[in-house]
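What follows is the residue order along each chain.
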Amino acid sequence: MFGYIAINKAEMKFKDFDIYHAYYCGLCKVLKDNYGKAGQLTLSYDMTFLVLLLSGLYEPDAENMRVNCVAHPFQKHTARINLFTSYAADMNLILSYYKCMDDWRDERSKKAYINARLLHGKAKKLAEKYPRKTDLLADRLRKIAVCEKKNEQNLDKMAGLFGEIMAEVFAYKPDEWEFSLRKFGFFLGKFIYLMDAFEDIDDDLANGCYNPFREAYERTDFTDYCKQILTMMIAECSREFEKLPILTHAEILRNILYSGVWSRYEAVCAKRRRNAAKPDKGRRLLKKPGN
C-alpha cells in the first residue's frame, strides 16, 4: 500500500533530483543503521516525501555525507540526514510491521509473517517511544480488517480509516502547523488507499479478494470515476500544502504533488489499455470474496 508518493523525474531539474536522491539515500542509511537490513528493506518513497515536507517546513540543520550502498557499491553518493530522517525511519518501520501483520492475518502470507517476525522486536521498542501513534495505527488497521471482512463498499469510510493513520504520522508535534499537517496527511492517506485499490482491482476480483471499488467496477466510466475521486484527494492535499510557509524544497514537493503522484495511475491505465487491446482479454469474471 506504499510507494505511490514519488517524483516525476522527467519533469524535475537535475539539482532537485540530486537533493531528492540525497534524502532518499539518507533515509535508507538511517533505516539500515537503526534497524539493520530488515529495516532497510522497508524503505519507501512515501516516507522520503515525509522527510522532505517536514524539512521544508521546519528547516532543521542537516548533515551531508558521502556513502556507498548495495545499490551503488562502486560509487559514493550523497546522503542527507536530519532529525526528521530518524522520525520518518521510525514511522516507516512501524507502518511496515503492522502491514506485515495485517497481511499475515488476512492472507496467511508466509513472507509477511517472516518479515513481521524480523521487525517485531524493533516495532515493540517503537511502540514504547510512540504509544499514541502506534495505538492509533493498530486500532485503525483492525477496523479496516473488520470492514474488509464485511465487504464494506463505502469508499469514504474505508479510505478515511487509512487517512487517519497518515494524519497521525504527518503530525510531527503539537504546534501551529499540526492542524494543516494532519489534514494534509489525512487526504494523502485516502489517496494512497484508493490508488492502491484502483491498481489492484483486476487481481482482487479475479482472486476473490476484497476491494472497495468492487461495486464501482461495473460502471462504464470506472477509470474516469476513480480519477475524479483521486483528484479530489490530491486537491485537498495541495490546498493544505499551499497554506504552509514552505520555501525550501518547494519545487520538489510540488513536482510530487502535482505530477509524481499520477505516475502509477498513468502506468496502470496504460497496462489496462494494452490488455483491453488483446483479443483474448476482457474484464475478468467477478468472484465473491472468500470464494
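You'll find the structure just up there.
Residue numbering note: each chain is counted from 1, following its sequence as written. In keeping with the model being predicted, local features are shown solely for residues with a pLDDT of at least 70 and side-chain atom pairs are shown and tallied solely at 80 or more, while totals for entire chains, interfaces and linings include all residues. Only hydrogens and water are set aside; all other atoms, that is, all heavy atoms of the structure, feed into the side-chain values.

K.L.:
Explain a positive patch on the surface here, please?
P.N.:
A grouping of Lys 271, Arg 273, Arg 274 and Lys 278 is seen on the molecular surface, where their side chains present a positively charged patch. A run of H or I in DSSP becomes a helix once it reaches four residues, and a run of E becomes a strand once it reaches two; helices and strands are each numbered from the N terminus. Along the chain, Lys 271 turns up in helix 10 (residues 263-277). Grouping into patches uses exposed residues only, defined as over 30% relative accessible area, and leaves out salt-bridged ones; the cut-off is 9 Å for like charges and 5 Å for nonpolar side chains (Val, Leu, Ile, Met, Phe, Trp, Tyr). Surface accessibility follows the Shrake-Rupley procedure with a 1.4 Å probe radius. Residue values consider only the protein chains on display as shielding. Just to be clear on terms, a salt bridge is a Lys or Arg side-chain nitrogen sitting within 4 Å of an Asp or Glu carboxyl oxygen. For this count, His and the chain ends are skipped, Lys and Arg are scored as positive, and Asp and Glu as negative. All charge positions are set by atom: Lys at NZ, Arg at CZ, Asp at CG, Glu at CD.

K.L.:
When you look at the packing of helix 8 (residues 222-243) against helix 10 in this model, what are you seeing that I'm missing?
P.N.:
Angle between the axes and distance between the axes: these two values describe a pair of packed helices. Each axis is a line fitted through C-alpha atoms, and for a helix only the stretch in contact is used; angles between axes span 0 to 180 degrees, taken between their N-to-C directions. Contact geometry of helix 8 with helix 10 gives a least axis separation of 12 Å together with a crossing angle of 180 degrees. Put simply, helix 8 runs roughly antiparallel to helix 10. On the side of helix 8, the interface is formed by Phe 222, Thr 223, Lys 227 and Leu 230, while helix 10 contributes Tyr 265, Glu 266, Cys 269 and Arg 272. Residues are grouped as follows: Ala, Val, Leu, Ile, Met, Phe, Trp, Tyr, Cys and Pro are nonpolar; Asp, Glu, Lys and Arg are charged; every other residue, Gly included, is polar. In the contact of helix 8 with helix 10, the residues fall into four nonpolar, one polar and three charged. Just so you know how the angles are binned, under 35 degrees is roughly parallel, over 145 roughly antiparallel, 65 to 115 roughly perpendicular, and the rest oblique. The contact criterion used is simple: two residues touch if any of their non-hydrogen atoms lie within 4.5 Å.

K.L.:
Sorry, what's going on with the side chain of Asp 16 here?
P.N.:
Relative to the helices and strands, Asp 16 resides in helix 1 (residues 14-40). If near-sequence neighbours (up to four positions away) are discounted, Asp 16 is found in contact with Glu 251 and Ile 252.

K.L.:
What's the story with the pattern of salt bridges in this structure? I'm lost.
P.N.:
Side-chain pairing between opposite charges can occur once the charged atoms of the two side chains come close. Counted according to the given criterion, the structure contains 20 salt bridges. Between Lys 15 and Asp 16 there is a salt bridge, with the nearest N and O atoms lying 3.3 Å from each other. In this structure, Glu 164 engages Arg 140 in a salt bridge whose closest nitrogen and oxygen atoms are separated by 2.3 Å. Linking Glu 164 in helix 6 (residues 155-170) with Arg 140 in helix 5 (residues 131-149), this pair joins segments that are 24 residues apart in sequence. Shared partners join several salt bridges into a network, and the residues in it are Arg 132, Lys 133, Glu 168, Glu 178 and Arg 182.

K.L.:
What is the right way to read the state of the cysteines from this model?
P.N.:
As used in these notes, a disulfide is a covalent bond between sulfur atoms, one from each of two cysteines. The rule for a disulfide is simple: a pair of cysteine sulfur atoms within 2.5 Å. Taken as a whole, this structure holds zero disulfides when the rule is applied. For Cys 100, which is in no disulfide, the shortest distance to another cysteine sulfur is to Cys 28 and amounts to 17 Å. Classification of Cys 100 as buried rests on a relative accessible area of 12%. The cysteine Cys 237 is free of any disulfide, with Cys 226 supplying the nearest cysteine sulfur at 17 Å. The buried label goes to any residue with under 20% of its type's maximum accessible area, the exposed label to any with over 50%, and the partly exposed label to all in between, with areas taken from a 1.4 Å probe on protein chains only. The exposure class assigned to Cys 237 is buried, which follows from its relative accessible area of 0%.

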